[in-house]
Amino acid sequence: MSRKVLVLGEARDGSLRNVSFEAIAAAKTIAEGGEVVGVLVGKAVSALGAELVHYGADRVVVVEDEKLTQYTSDGFAQALLAVIDQEKPAGLVLGHTSLGKDLSPRIAGRLSSGLISDATAVEVAGGNIVFTRPIYSGKAFEKKIVTDGLIFATVRPNNITPLAKEESKTGEVSSLSVEIKDLRAVIKEVVRKATEGVDLSEAKVVISGGRGVKSEEGFAPLKELAQVLGGAVGASRGACDADYCDYSLQIGQTGKVVTPDLYIACGISGAIQHLAGMSNSKVIVAINKDPEANIFKVADYGIVGDLFEVVPLLTEEFKKLKVHS
Amino acid sequence: MNIYVLMKRTFDTEEKIVLNGGKINEDGAEFIINPYDEYAIEEALQVRDANGGEVTVISVGNEETEKQLRTALAMGADKAVLINTEDDVENGDQFTTAKILAEYLKNKEADLILGGNVAIDGATGQVGPRVAELLNIPYVTTITKLEIDGTNVTVTRDVEGDSEVIATSLPLLVTAQQGLNEPRYPSLPGIMKAKKKPLDELELDDLDLEEDDVEAKTKTIEIYLPPKKEAGRVLTGDLNDQVKELVHLLHTEAKVI
C-alpha cells in the first residue's frame, strides 16, 4: 500500500546533513511507491530544497520565518505540525540527531502517535513497515512496528544508505506560511566547541583516544590521522575525565554513539561503557600497548604497540595510499 | 518549589544480555536507577536546597521498583510514588509511560520536572518531551546547567558537543545530560531515614485510567542478539610491516578506506 511520507531535512552551517538523505531513503521504503515530501524549516532554507529532490524527495515544502533562525522545539514544532496538517502524511522521518531527538517525541505526543527512535534499518516485511533499533547500548536489537498514528521514526546517522544523487531530478519547492507564536524557550547564546572539522556522529572514520593518549597534546597525532582520512576525533570517558579533551568528544554509554565505517581506538582499554558507544562500527581497529586490553576482543584488527609510534606510521602509510589511488 | 523527578529502573550497565523465549532474561540481573536519572535526582535536591520546597520521585514500574525509589529517598528526596502497572499493562511503550506520568502530574502544579535525557535500556529519550507536551509546558533536553531565579530559568544544553544557553521559565521540564552534576551516594543516615519516608503506590485505577487509554502505539515483534563477532586479527612482526599490512587490509579486505 503506497503512502505519503514526510522527511524533515536538517541543515547545519547552511548545508544539509547527510542523515537527511539517509532519512529520505528510509522514507522511500516506508512510502512503498507513494510520495516522499521533504520539509525544510528555518530562516532562509529554500535553496536547499533542490538537493533534497536530488536525493529522492518528490517535492519539498518550506517554512521560513525569522523566528526559525535557530532550532527551538516550540518554533519547529509549530512549523512541522502546520506542514503535517496541510499534507496529511501517513509517515514521518527525522534524523536521530540532537534536533530529531528533541523534536520527535513532542510531535508524537501532540499527534498521539507511536514513534520509533534511533532506527538503524527499515524494511517491508509481512505487510508491515518494520524498523530495527539497538537496545541495551547495542547489546541487543529489537524489531518494531508502529500500531497507531503515523509511521514515525528517527534514523541513526550512518546506518541507512542514501539513494544515489540525481542532479537532473526536479521537483516542486513550495512555501507554506506559518505564524510562529510565542517561543517559551529561546536561545541566548551558542558556544561552539565540537564542530571543528567533521561531525563526530556522522563521520565515516573516527579516530579515538583514551587514557593512553596521556595529555591534551597527545591528541595531535590522532588529529593528523583524522585529517588525512577525512574523519573525526573522539575520546573515551577516561581521556575526558583526565581533561585531555572536551566532553563533547566522548564516545560511550554516556556520550555519543557512533557507527562509522572505520573506528580506530588508540590507547583505549575498552571498558564496557565505551564499547556501548562504538561496538556497532563496521570495522574496528585497536592500537594498545597492553595485549590483554579488552578492546582487542571487539577489534577486527589489532596492533599491540605504543600509539605514539603506530599512529604517525599509519598516517604516513595512508598518505601514500591516497597518493597512489 | 514543587519538584518532581521521573525515574526509571534499568539493567545495570555491566549486565550481560541473555534472551529467554524471545525476551530479555531478567532473572538474577542487577538493577539500578537509570544513570541519567541519577543526575536528575541530584539536580532536584540541589534546586530544593537552594530554593526550598519538596522533591517527589515518581516511577512507572512494578513492585521491584520500590528498591530504586528507596535509594532515591536515601539520596535525599522527600517522597516517592510508584505507579505499579504490573497487573494492567503488559506491553507498554513510551506513549504508555508518558500518558500515565502526565495523568499523575496534571493536577500537581509542578514547578519543575526533571528526568534523564535517555534510559540506557530502551534508549528512546521520548518520555520526558512527551510528558511536557501532554502537560503543555516547555521543556529543554540534555541539559548540563540549570539556574533558577524566581520563575526565570537559564539552562545550558548540550547539542552534539556544542552548548546552547536557553532562557525559559517555570513551570518547566528538563532532561539531564552527563556533566550536569556529580550525583551523591546515599549516606547511612540517609538510608535509615528513607525507610520512614512516604512511598505511595498507585495503580491505573487511582488515576482514572483504563488499560485502553494507555495502550501502546508501537509493538516489538522480535528481540535478537547481534551476531557474535569473530575474534579479530592481532597483527605480528616488525611494527613498520604491521602498519603496512593494516593499511593494506583496510583497503583491500575490509574496503573501508
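Residues numbered from 1 in each chain as written. Chains lettered and ligands numbered in written order. Predicted model: local features only at pLDDT ≥ 70, side-chain atom pairs only at ≥ 80, totals over all residues. Heavy atoms only, no water.

**A closer look at the interface of chain B and chain A**
Facing 70 residues of chain B, the contacting portion of chain A comprises 85 residues. Taken together, both faces of the contact between chain B and chain A bury some 6800 Å²; the carbon and sulfur share is 55%. Of all residues in chain B, the largest losses of buried area upon contact with chain A belong to Glu 133, Glu 160 and Lys 217 of chain B, amounting jointly to 11% of the total for that side. At the boundary of chain B and chain A, one finds 8 salt bridges. Arg 192 of chain A serves as the salt-bridge partner of Asp 162 of chain B, at 3.4 Å between the closest nitrogen and oxygen. Looking at the side of chain B that touches chain A, the element that brings in the most residues is helix H6 (residues 239-252) of chain B, giving 10 residues. One ladder, built from 5 bridges, connects strand E13 (residues 186-191) of chain A with strand E11 (residues 162-169) of chain B; its direction is antiparallel. Paired with Glu 189 of chain A across the two strands is Val 165 of chain B, which belongs to E11 of chain B. (Contact = heavy atoms within 4.5 Å. Buried area = accessible area lost by both parts, 1.4 Å probe. Salt bridge = Lys/Arg side-chain N within 4 Å of Asp/Glu carboxyl O. Helix = DSSP H or I, 4+ residues; strand = E, 2+ residues; numbered from the N terminus. Pairing = 2+ DSSP bridges.)

**So, the nonpolar core**
If you look at soluble globular proteins, the nonpolar side chains tend to sit buried side by side. Ranked by size, the top nonpolar core spans 41 residues in total, and within it Leu 112, Leu 114 and Leu 146 of chain B carry the most contacts. If one sorts the elements of this core by residue count, helix H1 (residues 35-51) of chain B sits on top with 7 residues. Every residue in contact with Leu 112 of chain B, bar those within four places of it in the chain, is listed here: Met 1, Asn 2, Ile 3, Tyr 4, Val 47, Leu 146, Ile 148, Leu 170, Leu 172 and Val 174 of chain B. Formed by 38 residues, the second largest nonpolar core is a distinct cluster that contains Val 205, Leu 222, Val 228 and Ile 287 of chain A. (Core = buried A, V, L, I, M, F, W, Y, C linked by side-chain atoms within 4.5 Å. Buried < 20%, exposed > 50% of the residue type's maximum accessible area, 1.4 Å probe, protein only.)

**Description of the domain arrangement of chain A**
All names here are of chain A. Partitioning chain A into structural domains gives domain 1 (5-175) and domain 2 (200-324). Taking the mean C-alpha position of each, domain 1 and domain 2 sit 31 Å from one another. For the pairing of domain 1 and domain 2, the buried interface totals around 990 Å² over both sides, and the portion due to carbon and sulfur atoms is 31%. Of all residues in domain 1, Ser 137, Arg 156 and Asn 158 give up the largest surface area on contact with domain 2, accounting jointly for 56% of the area buried on that side. Counting across the interface, domain 1 meets domain 2 through 1 salt bridge. The salt bridge involving Glu 202 is made with Arg 17; its shortest N-O contact spans 3.1 Å. The biggest single contributor to the side of domain 1 that touches domain 2 is helix H1 (residues 18-31), with 3 residues. Looking at the side of domain 1 that touches domain 2 residue by residue, the class counts come to 3 nonpolar, 5 polar and 4 charged. (Domains from an automatic or database assignment. Nonpolar A, V, L, I, M, F, W, Y, C, P; charged D, E, K, R; others polar.)

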